[in-house]
Amino acid sequence: MLVHTSGSTGQPKAMLAEKHRMEASARITCRFLGLSEGDTALLCLPLDYIAGKMMVVRALTCGLQLVSVPPFGHPLAGVSSQLSFAAMVPLQVYNSLQVPAERETLRRIRHLIIGGGAIDAALASELVNFPNHIWSTYGMTETLSHIALRKINGVDASEWYKPFEGVSLSLSSENCLVIDAPAVCGSRLVTNDIAELQPDGRFRILGRKDNVICSGGVKIQIEEVEALLRQHISIPFVVTKVPDVRLGQQMVILLESADTTNLYDLCRNVLPQYWQPRRIISVDSLPMTATGKPARAEAERIATKHIEKVCH
């Protein structure tokens, strides 16, 4: 079956997924979550990507009753069914929390998995006391959706992902996660995700190798900067990098606001000295992928083009 990567670090790539491995992935997820025939599952993600396709495969494989709605920002609007299972991106969850009726429906979903982008501290704190089971997923198109989950709420909430049975993990020489998951992926997969690994197999992601900014000999992990700033700013932004003759690379922030002064001040107060952005660029809208992730390569291109224009 033809599937496409998300394109968060470049152009989406096409790949062919083996149906028997998609079936295996579906059974692993449903077994882990205790889903069984007749349970209801919400399809609210685009079928162009693996996350949407796998919801259908899980329904076909495990006899789930599929509730299908258009893939948009408020997937629970008008949904009256009692849902056993749903998969959403963070933006859909955030939007649902803003509407009382949708928020209540969200609370009643027995298992909610969230993927396709980072779950920031503010969103996690909104969900921490929900009575249902809420999970963050780790996976990619090449692993046919997720190969590990971590609990966001409840007494067993954790920042560490627990891999599924049959998944073996290790670290490369660059501390990137290496995945052996023969049931869903035919070959060993060396990721670009810098990770920390526990002896019992649990892991957490520190950032992507290609999201490291090397500025004047200092290595800055983009995700760490974004996580710090999200605690203090609600305006959409993305951290990126551009080439610099003196420093090698410089850190730049794209901001969906014409007022950049306040962010400069905030950065001086909350970021270490060597993590200060060299420029903050105002944009009408941030580049995003179809699955809601920052389009990192496009952000870098926009920042580079802006600086070249200003310098000339």
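Preceding this section is the structure that the text describes.
All of these numbers come straight from a predicted model, not from anything done at the bench.

**Student:** Can you help me understand the overall build of the protein in this one?
**Tutor:** In terms of regular secondary structure, the protein is built from eight helices and 18 strands. In summary, the protein has a C-alpha radius of gyration of 20 Å against a globular reference of 20 Å for 312 residues, a match within 12%. Looking at the protein as a whole, 48% of its 312 residues qualify as buried. In the protein, the share of contacts with a sequence separation of at least 24, taken over all contacts with a separation of at least 6, comes to 57%. Counting every atom, the protein has about 15,400 Å² of accessible surface; 51% of that belongs to carbon and sulfur. Seen as two clouds, the 31 positive and the 30 negative side-chain charges of the protein have centres 2 Å apart.

**Student:** Can you help me understand helix H1 (residues 19-33) in this one?
**Tutor:** Because the α-helix completes a turn every 3.6 residues, residues three or four places apart line up on one side. The terminal C-alpha atoms of H1 lie 21 Å apart, and with 15 residues this matches the ideal 21 Å at 1.5 Å per residue to within 8%. Among all positions of H1, only Arg21, Met22, Ser25, Ala26, Ile28, Thr29, Cys30 and Leu33 are buried. Buried residues along H1 sit in contact with helix H2 (50-62), strand S5 (85-88), strand S6 (111-114), strand S7 (133-140) and strand S8 (145-151).

**Student:** Looking at this structure, I do not really get unusual backbone geometry. What am I missing?
**Tutor:** Apart from glycine, the bulk of residues carry a negative phi angle, and the bulk of peptide bonds sit in the trans form. Of note, the phi angle at leucine 144 is positive, near 55°, even though the residue is not glycine. Here leucine 144 shows up in the loop between S7 and S8.

**Student:** I'm lost on the layout of surface pockets in this one. Help?
**Tutor:** Once rolled over the atoms, a probe with the size of a water molecule shows which space is left empty. Estimated volume of the second largest pocket: approximately 170 Å³. Every residue along the wall of the second largest pocket is listed here: Ser215, Gly216, Val218, Ile220, Leu247, Met251, Gln273, Tyr274, Gln276, Pro277 and Arg278.

**Student:** Looking at this structure, I do not really get the nonpolar core. What am I missing?
**Tutor:** Inside soluble globular proteins, nonpolar side chains tend to come together where they are buried. One finds Leu106, Leu127 and Ile179 to be the most contacted residues of the largest nonpolar core, which totals 54 residues. Dropping the residues within four chain positions of it, isoleucine 179 is found in contact with Tyr138, Met140, Thr143, Ile147, Val167, Ser168, Leu169, Ser187, Arg188, Leu189 and Thr191. Counting 17 residues, the second-largest nonpolar core is a separate cluster that includes Ile220, Val225, Ile253 and Leu271.

**Student:** Sorry if this is basic, but what is going on with the sheet that holds strand S11 (residues 176-180) here?
**Tutor:** As summarised here, the arrangement of the four strands in space is S10-S11-S12-S13, forming an open sheet in which the pairing is antiparallel. Each end of this open sheet is capped by a strand with a single partner; those strands are strand S10 (168-171) and strand S13 (203-208). Here the average twist between neighbouring strands, direction ignored, is 50°. Where strand S12 (residues 189-197) lies against S13, five bridges are found, and the strand directions are antiparallel. Paired with glutamate 196 across the strands is arginine 204, a residue of S13.

**Student:** Looking at this model, I keep getting lost on empty space enclosed by the protein. Mind explaining?
**Tutor:** What the rule picks out here adds up to one cavity of 30 Å³ or more. In this model, the largest cavity occupies a volume close to 70 Å³. Looking at the largest cavity, the residues that line it are Ser25, Ile28, His146, Ile147, Phe164, Glu165, Gly166, Val167, Ala181, Pro182, Ala183 and Val184. Elements that contribute at least two residues to the lining of the largest cavity include exactly H1 and S8. Taken together, the residues that form the lining of the largest cavity break down as eight nonpolar, three polar and one charged.

**Student:** When you look at the packing of aromatic side chains in this model, what are you seeing that I'm missing?
**Tutor:** Both the distance between ring centres and the angle between the ring planes are used here to describe each pair of aromatic rings. Applying the stated criterion across every chain, the model contains five aromatic pairs. Note on tyrosine 138 and phenylalanine 203: the rings are 5.2 Å apart at their centroids and 80° apart in plane angle, and the pair reads as edge-to-face. Here phenylalanine 203 lies in strand S13 and tyrosine 138 lies in strand S7, a separation of 65 residues in the sequence. The two residues tyrosine 138 and phenylalanine 203 agree in class, both being buried. Ring-pair connections join several aromatic residues into one group, and the members of that group are Phe32, Trp135 and Phe164. Its end group placed over the ring of phenylalanine 130, arginine 107 keeps NZ or CZ at 5.0 Å from the ring centre. The ring of tyrosine 161 carries arginine 150 above its face, with NZ or CZ at 5.4 Å from the centroid.

**Student:** Before we go on, may I ask you to explain the pattern of salt bridges in this structure?
**Tutor:** Side chains that differ in charge, positive against negative, can pair when their charged atoms come close. Scanning the entire structure with this criterion turns up 17 salt bridges. For aspartate 180, the salt bridge identified is with arginine 188, shortest N-O distance 3.1 Å. By relative accessible area, which is 22% here, aspartate 180 ends up partly exposed. For arginine 188, a relative accessible area of 56% translates into the label exposed. Between arginine 301 and glutamate 298 there is a salt bridge, with the nearest N and O atoms lying 2.7 Å from each other. Remark: glutamate 298 and arginine 301 occur in helix H8 (residues 296-311); sequence separation between them is three residues, near one turn of the helix. By relative accessible area, which is 30% here, glutamate 298 ends up partly exposed. Taken together, the shared-partner salt bridges in this structure form one network comprising Glu159, Glu196 and Arg204.

Quick notes on the rules
- Residues numbered from 1 in each chain as written.
- Predicted model: local features only at pLDDT ≥ 70, side-chain atom pairs only at ≥ 80, totals over all residues.
- Heavy atoms only, no water.
- Helix = DSSP H or I, 4+ residues; strand = E, 2+ residues; numbered from the N terminus.
- Rg over C-alpha atoms; globule rule 2.2 N^0.38 Å.
- Buried < 20%, exposed > 50% of the residue type's maximum accessible area, 1.4 Å probe, protein only.
- Contact = heavy atoms within 4.5 Å.
- Areas by Shrake-Rupley, 256 points an atom, 1.4 Å probe, with all protein chains shown as cover.
- Lys, Arg positive; Asp, Glu negative; His and termini not counted.
- Charge placed at Lys NZ, Arg CZ, Asp CG, Glu CD.
- Expected span 1.5 Å × (residues − 1).
- 1 Å grid on protein atoms, 1.4 Å probe; cavity = no way out; pocket = protein on both sides within 12 Å on 5 of 7 lines; lining within 4 Å.
- Points joined across faces, edges and corners; volume = space filled by probe spheres on them.
- Core = buried A, V, L, I, M, F, W, Y, C linked by side-chain atoms within 4.5 Å.
- Pairing = 2+ DSSP bridges.
- Axes fitted to C-alpha atoms, helices over the stretch in contact; angles between N-to-C directions.
- Nonpolar A, V, L, I, M, F, W, Y, C, P; charged D, E, K, R; others polar.
- Phe/Tyr/Trp six-rings, centres within 6.5 Å; stacked < 30°, edge-to-face > 60°.
- Lys NZ or Arg CZ within 6 Å of the ring centre and 35° of its normal.
- Salt bridge = Lys/Arg side-chain N within 4 Å of Asp/Glu carboxyl O.

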